[in-house]
Amino acid sequence: MLMYANEELQALYQEIVQRNPAEPEFHQAVAEVLGSLGPVLSKHPEFRDDRAIERLCEPERQIIFRVPWQDDAGRVQINRGFRVQNNSALGPYKGGLRFHPSVTLSVIKFLGFEQTFKNALTGMPLGGAKGGSDFDPKGRSDGEMMRFCQSFMTELYRHLGEYTDVPAGDIGVGQREIGYLFGQYKRMTNRYESGVLTGKGLDWGGALVRREATGYGLVYFVQQMLEIRKEHLEGRTCVVSGSGNVAIYTIEKVQQLGGRVVACSDSGGVVHDPDGIDLALVKQIKEVERGRIEQYVVRRKRGRFLPGASIWEIPCDVALPCATQNELNGKDALALVKNGCRIVAEGANMPTTPDAVRVFHEHGVAFAPGKAANAGGVATSALEMQQNASRDAWTFEFTDRRLGDIMRGIHQRCYETAEEYGTPGNYVNGANIAGFIKVARAMLALGVI
Ligand code: NDP
Ligand code: 2IT
């Protein structure tokens, strides 16, 4: 059980746990935010009177639906679809869709909750939402993916719109899936409404840099963390978990800036390549062949594959978890500290368990939570929406510059807020407090709705 210094927040947390039983990931995300808000309530009693925290913890709308589809053998399959529209005080609901067998209401609620604060931190006019399905894309053909996406959108389309709710990708949902989803939305509505989804292909309303944005943005954030310490990435050893969209473009940007990434992974195990990961090979295996990371060592003999190993045992200066929630626990954190790791920044959403965060704080490791460090993805989604709205297409360089500016802004907001509230260097408090205040103010202004 979590203990807050503030009794009022402790009672509130208990109430939320009781109202939302059997949702451990949602409880974890709420606990982490509430843990930062004590000093905010003392300074801003208006948020207490308005019950801003209680409202933020109760999603505006939760949609659960059946997704029936036929596999290639003609068998009928049934999955469950979700969309949790958490908060729309700042703008239309915005957040990704995740297709993974581990998806539950709890997972989608935690992601929608986190997304609300993340989107606020970007400074863009975006509410928070998340969706997805317990559908497992692994081993599915293109035809199966298309039929699943069409069935999913046949229900979800009525809840979406460029001024209502704008999904994007997340685990298991990339440009191929966004294409099938957009095609079905267009067919159902008879509208070429580009701004209803982000992460689109460049030929059909997509924007340059969106593919790279989460990973690049994460590394721009890390650059800021290093700059404060008068350090830089050049020559630093990094470890990046995962080998999907976020991991790949994190590795790319670290390498461009002179860092050395020595390991990456997937759910099958870890690839360790002390001379530096061959990113072209990872892209070939993951983006082109949709294969497993263990194939890396078949083609590159000096790499080692460690099935089922913890990537966090590999010594590094900078650790970047980019796979999934709760993938870095207290034991992993101690191993990182022991091996001299000084910086940890989350590319994934909530990959670090609460006891691991505690270890980092106790040992002076600079730790950046995902809602700040991985916000470059959704921020660039907002840039895609801007381009769609103005029927324009910006250059790579211009968009990348804007992404860099946005990440610098987020870092500054978190850093200064942490200082203002008496916990300098604590990016968790900085992100939670700055994100919360922005949303809570807007909620107050819009009345009790
Ligand atoms: P992808 O589907 O492209 O890649 C996911 C990667 O994580 C794969 O390597 C996958 O391995 C691994 N992974 C997923 N689930 C598990 C699991 N349960 N155990 C071990 N490994 C796992 O997804 P993304 O790269 O888009 O997303 C990665 C993380 O980043 C997620 O937490 C997501 O919420 C977050 N994020 C994504 C953004 C985006 O724009 N895409 C923006 C901000 C955050 P395997 O193939 O074996 O499953
Ligand atoms: O977690 C995230 O921020 C995302 N998956 C991206 C959301 C988006 O709308 O671009």
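Report on the accompanying structure. (Residues numbered from 1 in each chain as written. Chains lettered and ligands numbered in written order. Predicted model: local features only at pLDDT ≥ 70, side-chain atom pairs only at ≥ 80, totals over all residues. Heavy atoms only, no water.)

## Overview of the pairing of strand β1 (residues 61–70)
Okay, step 1: Direction of pairing for β1 relative to strand β2 (residues 76–87): antiparallel, over a ladder of 10 bridges. When the bridges of β2 are listed, Arg-66 appears paired with Arg-80.
Okay, step 2: Counting the residues that bridge the hairpin from β1 to β2 gives 5 residues, and of these Gly-74 lies at a positive phi of roughly 85 degrees. (Pairing = 2+ DSSP bridges. Helix = DSSP H or I, 4+ residues; strand = E, 2+ residues; numbered from the N terminus.)

## Overview of the environment of Ile-53
Okay, step 1: The residue Ile-53 is located in helix α4 (residues 52–56) in this model.
Okay, step 2: In the structure, Ile-53 is positioned 383 residues away from Phe-436 in sequence and 8.5 Å away in space, judged by C-alpha atoms.
Okay, step 3: Excluding its chain neighbours within four sequence positions, the residues that come into contact with Ile-53 are Leu-9, Leu-12, Leu-34, Leu-37, Leu-41 and Phe-436. (Contact = heavy atoms within 4.5 Å.)

## As for the pairing of strand β4 (residues 128–133)
Okay, step 1: With 6 of 6 residues buried, β4 is to be regarded as a mostly interior element.
Okay, step 2: Both faces of β4 are covered, namely the face carrying Gly-128, Lys-130 and Gly-132 and the face carrying Ala-129, Gly-131 and Ser-133.
Okay, step 3: Two strands pair when backbone bridges link them, and β2 and β4 are joined in this way by 6 bridges, in the antiparallel orientation. Its bridge partner lying in β4, Gln-85 is registered against Ala-129.
Okay, step 4: Of the strand pairs in this sheet, strand β3 (residues 93–99) and β4 are connected by 3 bridges, and their pairing is parallel. In the sheet register, Phe-99 faces β4, and the bridge partner there is Ser-133.
Okay, step 5: Assessed by its sense of winding, the connection that carries the chain from β3 through helix α5 (residues 105–122) to β4 is right-handed. (Buried < 20%, exposed > 50% of the residue type's maximum accessible area, 1.4 Å probe, protein only. Right-handed = clockwise from strand over helix to strand, strands pointing away.)

## Details of the site of ligand 2
Okay, step 1: Within the structure, ligand 2 sits among 14 residues, and Lys-94, Lys-118, Lys-130, Asp-170 and Ser-381 are positioned closest to it.
Okay, step 2: Here an oxygen atom of ligand 2 sits 3.0 Å away from a polar atom, N or O, in the side chain of Gln-115.
Okay, step 3: Compared with its free state, where it exposes 290 Å², ligand 2 has 94% of that area covered by protein.
Okay, step 4: At the level of elements, β3, α5 and α15 (376–389) are the ones that each hand at least two residues to the shell around ligand 2.
Okay, step 5: Grouping the amino acids of the shell around ligand 2 by side-chain chemistry returns 2 nonpolar, 7 polar and 5 charged. (Near = heavy atom within 4 Å. Polar contact = N/O pair within 3.5 Å; in protein donor to acceptor, adjacent residues only side chain to side chain. Areas by Shrake-Rupley, 256 points an atom, 1.4 Å probe, with all protein chains shown as cover. Nonpolar A, V, L, I, M, F, W, Y, C, P; charged D, E, K, R; others polar.)

## Observations concerning the site of ligand 1
Okay, step 1: The immediate surroundings of ligand 1 are formed by 25 residues, with Asp-170, Thr-214, Ser-267, Arg-292 and Asn-349 found nearest.
Okay, step 2: Measuring from an oxygen atom of ligand 1, one finds a backbone N or O atom of Ser-243 at 2.9 Å.
Okay, step 3: When isolated, ligand 1 has an accessible area of 890 Å², and the protein chains bury 83% of it.
Okay, step 4: Partitioning the shell around ligand 1 into residue classes produces 5 nonpolar, 13 polar and 7 charged.

## Here's the deal with helix α13 (residues 354–362)
Okay, step 1: Considered for burial, the residues of α13 that qualify are Ala-356, Val-357, Val-359 and Phe-360. The arc that holds every buried residue of α13, seen down its axis, measures 155 degrees, which confines them to one face.
Okay, step 2: Residues of α13 that are buried make contact with α12 (330–338), β11 (343–345), β12 (366–368) and α17 (427–446).
Okay, step 3: Remark: Gly-364 follows α13 within two positions and exhibits a positive phi of approximately 70 degrees. (Arc of directions from axis to C-beta.)

## A look at the pattern of salt bridges
Okay, step 1: Summed over all chains, the structure comprises 30 salt bridges.
Okay, step 2: Measuring nitrogen to oxygen at the nearest pair gives 2.8 Å for the salt bridge that ties Lys-109 to Glu-23. Highlighted residues: Lys-109 in helix α5 and Glu-23 in the loop between α1 (7–19) and α2 (24–43), separated in sequence by 86 residues.
Okay, step 3: The buried category is assigned to Lys-109, whose relative accessible area is 1%.
Okay, step 4: Through salt bridges with shared partners, a single ionic network connects Asp-273, Asp-275, Asp-278, Arg-300 and Arg-302. (Salt bridge = Lys/Arg side-chain N within 4 Å of Asp/Glu carboxyl O.)

## Observations concerning the nonpolar core
Okay, step 1: Core analysis: the biggest nonpolar cluster contains 58 residues, and Phe-221, Met-225, Val-282, Tyr-296, Leu-320, Ala-345 and Ile-410 have the highest contact counts within it.
Okay, step 2: Sort the elements by how many residues they give to this core and helix α8 (residues 210–228) lands first, with 9 residues.
Okay, step 3: If we ignore the near neighbours within four places in the chain, the residues touching Met-225 are Ile-343, Val-344, Ala-345, Ala-366, Phe-367, Ala-368, His-411 and Tyr-427.
Okay, step 4: Grouped together as the second largest cluster of nonpolar side chains are 35 residues, Phe-26, Leu-56, Leu-90 and Phe-113 included. (Core = buried A, V, L, I, M, F, W, Y, C linked by side-chain atoms within 4.5 Å.)

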